[in-house]
Structures are given as structure tokens and as C-alpha cells.
Amino acid sequence: MILVTGATGLSGSIVVQEFARQNAPVRALVRNPDKARKLHGLPGVEVVEGDMLRPETLTAALRGVERVLMISSPRERMVETQCTFIDAAKAAGVPHIVKYSGKESGVGFDPDSFIGTHEHLQIERHLEASGLAWTHLRPSQFMEFYLPGTLTGVDPHRRELRMSIGDSRLAPVAIGDVAKVAVALLNSDGHEGRAYDMTGPEALTMKEVVEHISAATGTAFRHVELPLEDKLRECEEAGMPEPSIRILRELFAERGRRPESEVRLETHRTFGVRPTTFAEFARGHAAAFLGQAGGDGRW
Ligand SMILES: NC(=O)c1ccc[n+]([C@@H]2O[C@H](COP(=O)([O-])OP(=O)(O)OC[C@H]3O[C@@H](n4cnc5c(N)ncnc54)[C@H](OP(=O)(O)O)[C@@H]3O)[C@@H](O)[C@H]2O)c1
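Calculation notes
- Here the residue index of a chain counts from 1 through its sequence in written order.
- Residues qualify for local features only when their pLDDT is at least 70, as the model is predicted, and side-chain atom pairs are given and counted only at 80 or more; totals for whole chains, interfaces and linings, by contrast, use all residues.
- Remark: hydrogens and water are excluded; side-chain values derive from all non-hydrogen atoms of the structure.
- Every helix listed is a DSSP run of H or I at least four residues long, and every strand listed is a run of E at least two residues long, numbered separately from the N terminus.
- Within 3.5 Å is the distance limit for a polar contact, defined as a pair of N or O atoms, with the added protein rule that one can donate a hydrogen and the other accept it, and that residues adjacent in sequence qualify only through two side-chain atoms.
- Whether two residues are in contact is decided by their heavy atoms, any of which lying within 4.5 Å being enough.
- Paired strands, in this sense, are two strands between which DSSP finds at least two bridges.
- Axes here refer to lines fitted to C-alpha atoms; in helices the fit is confined to the stretch in contact. Angles between the N-to-C directions go from 0 to 180 degrees.
- A side-chain nitrogen of Lys or Arg and a carboxyl oxygen of Asp or Glu constitute a salt bridge if their distance falls within 4 Å.
- Each residue is placed in one exposure class: buried if its accessible area under a 1.4 Å probe, protein chains only, is under 20% of its type's maximum, exposed if it is over 50%, and partly exposed if it falls in between.

Draft legend 1. Quick peek at the side chain of Thr81. Here Thr81 lies in helix 3 (residues 78-91). A distance of 2.7 Å separates a polar atom in the side chain of Thr81 from the backbone oxygen of Arg77. What Thr81 contacts, discounting residues up to four positions off in sequence, is Met52, Leu53, Ser72 and Glu76.

Laid out in C-alpha cells, this is it:
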């Protein structure tokens, strides 16, 4: 049995839906049954409750599991949550954990880099030292993070992408591509002790991102560059909680420091996944960019 944690979140729900689309059986760990409604009824998906921070709640979820795709929130005690889970999985006899990691494209695991990347590194080291078989799947920034309601999304009312990273280029990847790689990886052997970095197919400036969104929606969006402190104040006034503000501050500082983003498509090629372009992503999410669908306020 394969277990996916964080199954009600942005990445986890897309991964579980990809399992269902491919008729590949999967167990989905959720801690809040109300949020799990969208998973019930998906073919081959078994929903199990548990809290990654409370090993005593994980017995049913971990029973008979051969591989885990470990996902949790970057905004919520990520190191403690995932390290606790790794220890619980080991105690339950799970042989192999695939860590859904992440890294800024083109940045590498630099101890001075964005805190999210640094936290992923800490967890990767804990997993590697655990004695379990491990694999790291490291997507770059998600294309989904330009959707309304996310930390770095467009404002659908003003028709603006309000950013503070200058002319830096980013190579965002569609979570759907990461999900296809995850399903293939979890259902095949030979990936132990390996790290798979992946980005999207193009390194884009924010101006280019907005041009794609405008073309896909048939509506003029503009890129507005703000001083970082103004952007953060705007987020604060809109009610964004402190941990998200902190992540945003580090993220923008990191992205401003490294103007060029590298494109890494080896993982797409290894698993036979065609890279989704930002133009395709924008066309598929045109209604969401216009504020007519999605955008569930994930701060
Ligand atoms: N944002 C990016 O561009 C990017 C790029 C690369 C990698 N990443 C990484 O991708 C990962 C997933 O991000 P995401 O945005 O998809 O996450 P997300 O939407 O915040 O989802 C996190 C999931 O983890 C669950 N969770 C958190 N704590 C838990 C606990 N103690 N027990 C059980 N479940 C728990 C949440 O459950 P509830 O629904 O109950 O809250 C939710 O289902 C993060 O590690 C992030 O750093 C992000």
C-alpha cells in the first residue's frame, strides 16, 4: 500500500487525484475529515484519519504501508511535523519514504537560502539518517502560486500581479506534472537514495507571467512592482497571518538576490512526463485567474 500525507492540501489533493485518474490504489492521510470530502468517492482512494504530530493516531494509516509520499504544510511546524512522522513510520516498519521537498530553482541547498528550502534540507538529513530507504522529490515554485488567494497570486479584482522581485526569472512547475512523477516514482523500484529536482520548462519574468495570464483570460492583467515593505504591509492589512508574512519576506528577498533561474527537466524526462508550459497552465485555469473559480484563500 502507498500512503500520501497532506492529502487535503494543494499538492496532496492533486497527487491523490492523479492516483485515482490512473486507477492506482492509494491511502490518503487526512487530519480534518471535513476537508476530506473532495477525496471520498475517488476510485481506489482509501481515506484514513491521523495527525502527523501525534504518532499514536497513525497506527491505522501506517499499517501495511510499503511507501509513503510525505507532504505537510510549509507554514506549520514543518520540520517537527515531518521528523515526528518519519520516526513514527520507522517504528511502524514502513521501509521507504519519498519526501515531497522543494527548492528555489537555480538556488541549491545553500544554508543562507530561503527558510523553506533550509527546512526541507533539515528534514532530508533526518530522513537520510533514519536508516529508512529515502527519495527526495524537489519541485521548484508551483505555477499554482500565481492563482488568486495564494501567497503570491494575482489580484483578480484589480487585474494585477503585485510583486517585489524586480526582473528576476522563475521557472515554476505545474503541480500536475509533479503529481504524475510522484505516481510513477511511488509505483516503481530503483529510486532509493536518489533526489529528483524539477522545474517548469521556462524561466519567466513576472511581466511574462502576466502576459500569459492576459492571453489566456482575454483580459488585460498588469505586473505592478512594489517595494518589499509595501507589499508585506499590503498583505498584513489584508489579514495574512504572521508565519505567511515571514515566508513571503524570505521568499522575495531570495528571489530578488538570484535573478536567473535554471530550468531542470531531467526528472520530467526520466518519468516520461511532458512539461506543462505556463501558457497551457494559464489556459486551464483562466476562470480561476478571473476570480470565477478556485482561489480558496490559502494563507
Ligand atoms: N509553494 C511552492 O511553490 C512550493 C514549491 C515546492 C515545494 N513546496 C513544498 O510543498 C509542500 C506542500 O505544500 P502545499 O502548499 O501543497 O501544502 P498545503 O496546501 O499547506 O497542504 C499541507 C497539507 O498538510 C496537512 N498537514 C499539516 N500538518 C499536518 C499534521 N500535523 N498532520 C496531518 N496532516 C497535516 C494539511 O492538513 P489540513 O488540510 O488539515 O491543514 C494539508 O493537507 C510543502 O512542504 C512546501 O514547502 C512548495
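Draft legend 2. Local environment of the sheet that holds strand 5 (residues 96-100). Read across the open sheet, the 7 strands follow the order 3-2-1-4-5-6-8; overall the sheet is parallel. This sheet does not close on itself; its edge strands, each paired only once, are strand 3 (45-49) and strand 8 (194-198). Neighbouring strand axes in the sheet, compared pairwise and without regard to direction, differ in orientation by 20° on average. Here strand 2 (residues 26-30) pairs with strand 3 via 5 bridges, running parallel. Along strand 3, the bridge assignment pairs Leu29 with Val48.

Draft legend 3. Looking closely at the pattern of salt bridges. By the definition in use, this model includes 23 salt bridges. Between Glu56 and Arg54 there is a salt bridge; the shortest N-O distance is 3.6 Å. Under the relative-accessibility criterion, Arg54 is labelled partly exposed at 42%. Residues Glu208 and Arg169 are paired through a salt bridge, measuring 3.0 Å at the closest nitrogen-oxygen approach. Placement of the pair is Glu208 in helix 6 (residues 206-217) and Arg169 in the loop between strand 7 (160-163) and helix 5 (175-186), with a sequence separation of 39 residues. The class of Arg169 is partly exposed, set by a relative accessible area of 25%. Through salt bridges with shared partners, a single ionic network connects Glu124, Arg138, Asp197, Glu262, Arg264 and Glu266.

Draft legend 4. Quick peek at the environment of Thr276. Position of Thr276 relative to the elements: it lies in the loop between helix 9 (266-270) and helix 10 (278-284). Here the alpha-carbon distance between Thr276 and Asp34, two residues 242 residues apart in the chain, equals 32 Å. When sequence neighbours within four positions are dropped, the list of residues in contact with Thr276 reads Met143, Ala174, Asp177, Pro201 and Phe281. A polar contact of 2.6 Å, which involves the side chain of Thr276, links it to the side chain of Asp177.

Nothing here speaks to function; it is all geometry.
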